[in-house]
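Each chain is listed here by its residues.
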Amino acid sequence: MGEVSNEKKKELFTLLLKTRRLEEKLIELMTTGEVAGWFHSNLGQEAVGVGVTAYLEPEDYINNTHRGRAIIIGKRVPLKRFMAEALGRKNGPCEGISGEMHYFDLKYGILGQSGTLGGQIPVAVGVALACQYRKSDQVVICIFGDGTVDEGNFHESLNIASLWKLPIVFVVENNGWAQFTPQKATASQVDIWRKAEGYNMLGKVVDGTDILEVYEVAREAIARARKGDGPTLIECKVRRWEGHYIGDPQKYRDPKDIEEARRVDPLSKFQKRLMDEKILTLESMNELDESVKREIEEAIQFAKSSPVASREQAFQNVYV
Amino acid sequence: MKEITYVKAINEALREELARDDSVIVMGEDVGISGGSFNATKGLFEAFGSKRIIDTPISESAIAGIAVGAAISGLRPVAEIMFMDFTALAMDSIVNSAAKMRYMSAGQCKAPVVFRTLGGGGVSAGPGHSQSLESWFCHVPGLKVVYPSTPYDVKGLLKSSIRDDNPIIFIEHKFLRAKGEIPEEEYTLPLGQADVKREGSDVTVVTWGQLFFKVATSAEKLAREGINIEIIDLRTLIPLDMKTIESSVKKTGKLVIAHEAVKISGFGAEIAASVVEHLFDYLDAPIRRIGAAFTPIPWGTVVENAVLPQEADIISAVKDIVRSRQAKN
């Protein structure tokens, strides 16, 4: 394990904190109806998206997921830009056509998210193929949840990516739930990293609530992919604090499981560590929190004062 | 001019576009070393190498999805789905990824991918390798759908499809040895433009794909009986060239739509509805549609012929509406 500098740790903490505060704010906006549609919370799972993106170069790619705000923050998308899309504004990168769930932002290497789970996997592999073809030195991260692993696209794509030694890293955010059904009811193998062997691929498993662990494993995998040594499958074990979506009554879930999940907090865990290591003090932590909250508030104000996507936009870009 | 087979015309189009533009790649099952299941990609692997002519595993969904990913990153993949029946396995990548990428990203990217696939029956290929499923794709905004009949059309349209910036379903038919003349020099044909393959004044017959050949032989027989049909070969279904259909229907007042796909919910229904909506006053007789029976396509010749539209069906439909016009007069 390489030594992570204090500065880098502080940066990771800031991204993690920003993701958490953004998520809390989005849930609030969802509840008041200002964010439309369905919202799938990433509370408790943030360390994965932040950890795997933090080591990417700006020109590297990652697909989005339906719990994907950590990816967007990790990829350093300005909050104003993201919030404009989340609130359906014309100056979001998708001009309010796709919203937060299908957030697509090529300027920051974010490849969007398909409605079908698994649809994004071959697309990400295709982007990696183009990177290899052009010898561009770029790397693609393809991230998805444990439920998606059961799609045929997972099998087809991992086989090909390994066979062609493509510059791609597969990251599974395993929260143990495929929507309303527990993993144990759907998966013959709950240790997803073990599937890598079937594709002659390197498989790794990490505690997805430990951001430094995620960061380190991602760093190695990204370096391997960039060198031309082929893909890695990284399984990040996490806990889902909320239901599948905000408002999900979770009648299918034992309340004790929810309680236990919420006790595993990647943010407070990392915060405690940085305080123990004297990288953060209570005072600097509070200052940071205030400034993050301010930034989010400014982003919301910016988005709210931006024009809403117009009727005409609905009919654009169907064809080139 | 030179005479060439349908499959050779496909091969020439691929070869010319690969030579012209190094962002063009060809991928699919058996397209590389073996030269393709039906020789469409013969010799390309030797000429352009394994980086550009890519043999894939039997993974249609991944083939199509990977092609989309490569397309949004600046390549122009031509992805082969061996039989049209197998597009069912690639449907998510085609319908949910290829067709929507540009729209969902508000124009941040484009997906210039061509999905080549072999449609149609008539060769005892059985229920799993004979379907004409073009109407599935005509129903999806964002896709273009091309189904050429002749060697001349298939070459010119494949070249244009590869150069087009939209995702395209490019359907080839199974009369791969059908011969036709093409120019010696390079040419392309515009998408979205129907071709009047035969001029006539009595009945307009709109057709496409491999049923064109049966319509053409029907036309000769009908001419001997004094009935002159005008054959419109659509070549491209989406975008649909309604102008050419309109001007012909205004001239003849009678319309037969003949396709090999199952008649129910076939693309002919869309054309018929559009003509009724816009040209009702010009019609002298009810529109007739010809298509396959509402069954899977069986294997044996007798049963397959019973299901797929035949020359006799075309001739009798044309005569029917000519007679109904005479009765009306």
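Okay, so let's go over this structure.

Definitions and cut-offs
- Residues numbered from 1 in each chain as written.
- Chains lettered and ligands numbered in written order.
- Predicted model: local features only at pLDDT ≥ 70, side-chain atom pairs only at ≥ 80, totals over all residues.
- Heavy atoms only, no water.
- Helix = DSSP H or I, 4+ residues; strand = E, 2+ residues; numbered from the N terminus.
- Buried < 20%, exposed > 50% of the residue type's maximum accessible area, 1.4 Å probe, protein only.
- Contact = heavy atoms within 4.5 Å.
- Areas by Shrake-Rupley, 256 points an atom, 1.4 Å probe, with all protein chains shown as cover.
- Lys, Arg positive; Asp, Glu negative; His and termini not counted.
- Charge placed at Lys NZ, Arg CZ, Asp CG, Glu CD.
- Rg over C-alpha atoms; globule rule 2.2 N^0.38 Å.
- Pairing = 2+ DSSP bridges.
- Axes fitted to C-alpha atoms, helices over the stretch in contact; angles between N-to-C directions.
- Parallel < 35°, antiparallel > 145°, perpendicular 65-115°, else oblique.
- Left-handed = near helix turned anticlockwise from the far one by under 90°.
- Nonpolar A, V, L, I, M, F, W, Y, C, P; charged D, E, K, R; others polar.
- Phe/Tyr/Trp six-rings, centres within 6.5 Å; stacked < 30°, edge-to-face > 60°.
- Lys NZ or Arg CZ within 6 Å of the ring centre and 35° of its normal.

### What to know about the overall build of chain A
Phase 1: Looking only at helices and strands, chain A features eleven helices and nine strands.
Phase 2: The buried share among the 320 residues of chain A stands at 57%.
Phase 3: Taking the intrachain contacts of chain A between residues at least 6 apart in sequence as the baseline, contacts between residues at least 24 apart amount to 73%.
Phase 4: Summed over its atoms, the accessible surface of chain A is roughly 13300 Å², and 50% of this surface lies on carbon and sulfur atoms.
Phase 5: Across chain A, the mean location of the 43 positive side-chain charges is 1 Å away from that of the 47 negative side-chain charges.

### A few points about the overall build of chain B
Phase 1: When you go through chain B residue by residue, the secondary structure sums to twelve helices and 14 strands.
Phase 2: Its C-alpha atoms give chain B a radius of gyration of 20 Å, within 12% of the compact-globule value 20 Å for 329 residues.
Phase 3: For chain B, the residues scored as buried account for 61% of the 329 residues in total.
Phase 4: For chain B, the proportion of contacts with a sequence separation of at least 24, taken over those separated by at least 6, is 82%.
Phase 5: Within chain B, one finds 36 positive and 41 negative side-chain charges whose respective centroids are separated by 2 Å.

### Quick look at the pairing of strand β5 (residues 114-118) of chain B
All names here are of chain B.
Phase 1: Burial analysis of β5 places five of its five residues in the buried class, which makes it a mostly covered element.
Phase 2: What you see with β5 is no split at all: Val114, Arg116 and Leu118 on one side and Phe115 and Thr117 on the other are buried throughout.
Phase 3: Bridge count for strand β4 (residues 76-83) against β5 is five bridges, and the pairing is parallel. Looking at the pairing, Glu80 lines up with Arg116 of β5.
Phase 4: Two elements, β5 and strand β7 (residues 168-172), share five bridges in a ladder whose sense is parallel. Opposite Arg116, over in β7, you have Phe170 as the bridge partner.

### As for the sheet that holds strand β13 (residues 255-262) of chain B
All names here are of chain B.
Phase 1: One open sheet holds the five strands; their spatial order is β9-β11-β10-β13-β14, and the pairing between them is mixed. Two strands in the sheet have a free side with no partner beyond their single neighbour: β9 (195-198) and β14 (288-292). Looking at each pair of strands side by side, their axes are set apart by 25° on average, direction ignored.
Phase 2: Note that β13 and β14 share four bridges and pair parallel. Bridged to Ile257 within β14 is Arg289.
Phase 3: Along the sheet, helix α10 (residues 267-279) contacts β10 (203-207), β13 and β14; its crossing angle with β13, the most-contacted strand, is approximately 155°.

### As for the packing of helix α1 (residues 6-31) of chain A against helix α10 (residues 266-276) of chain A
All names here are of chain A.
Phase 1: The geometry of α1 relative to α10 is characterised by a closest axis approach of 10 Å and an angle of 150° between their N-to-C directions. Taken together, the axis directions place α1 and α10 in an arrangement best described as roughly antiparallel. Where α1 crosses over α10, the handedness of that crossing is left-handed. On α10, the residues that touch Lys9, Lys10, Leu12, Phe13, Leu16, Leu17 and Arg20 of α1 are Pro266, Leu267, Phe270, Gln271, Arg273 and Leu274.
Phase 2: Of the residues assigned to the contact of α1 with α10, the class counts are eight nonpolar, one polar and four charged.

### With respect to the packing of aromatic side chains
Phase 1: Here the structure, examined in full by the defined rule, presents 15 aromatic pairs over all chains.
Phase 2: When the centroid spacing of 5.4 Å and the interplanar angle of 65° are considered together, the rings of Phe212 of chain B and Phe213 of chain B count as edge-to-face.
Phase 3: Three or more aromatic residues joined by ring pairs form one cluster here, namely Trp177, Phe180, Tyr245 and Tyr252 of chain A.
Phase 4: When the ring centre of Phe212 of chain B is taken as origin, the NZ or CZ atom of Lys197 of chain B, which lies over that ring, is 5.5 Å away.

### Comments concerning the sheet that holds strand β2 (residues 24-28) of chain B
All names here are of chain B.
Phase 1: Strand order in the open sheet formed by seven strands is β3-β2-β4-β5-β7-β6-β12, and the pairing between neighbours is mixed. At either end of the open sheet lies a strand with only one pairing partner, and these are β3 (53-55) and β12 (236-238). Across the sheet, the axes of successive neighbouring strands diverge by a mean angle of 20°, strand direction being ignored.
Phase 2: Sheet topology places β2 next to β3; three bridges connect them, and they run parallel. When the bridges of β3 are listed, Gly28 appears paired with Asp55.
Phase 3: Across the sheet, helix α3 (residues 60-72) is in contact with β2, β4 and β5; its angle to β4 comes to roughly 165°.

### Some points on unusual backbone geometry
Phase 1: With an omega of 0°, the peptide bond between Ile238 of chain B and Pro239 of chain B qualifies as cis.
Phase 2: Positive phi is not limited to glycine here, since Lys278 of chain A has a value of about 60°.
Phase 3: Assignment of secondary structure puts Lys278 of chain A in the loop between α10 and α11 (282-304).

Note that all results are geometric; they support no functional claim without further evidence.
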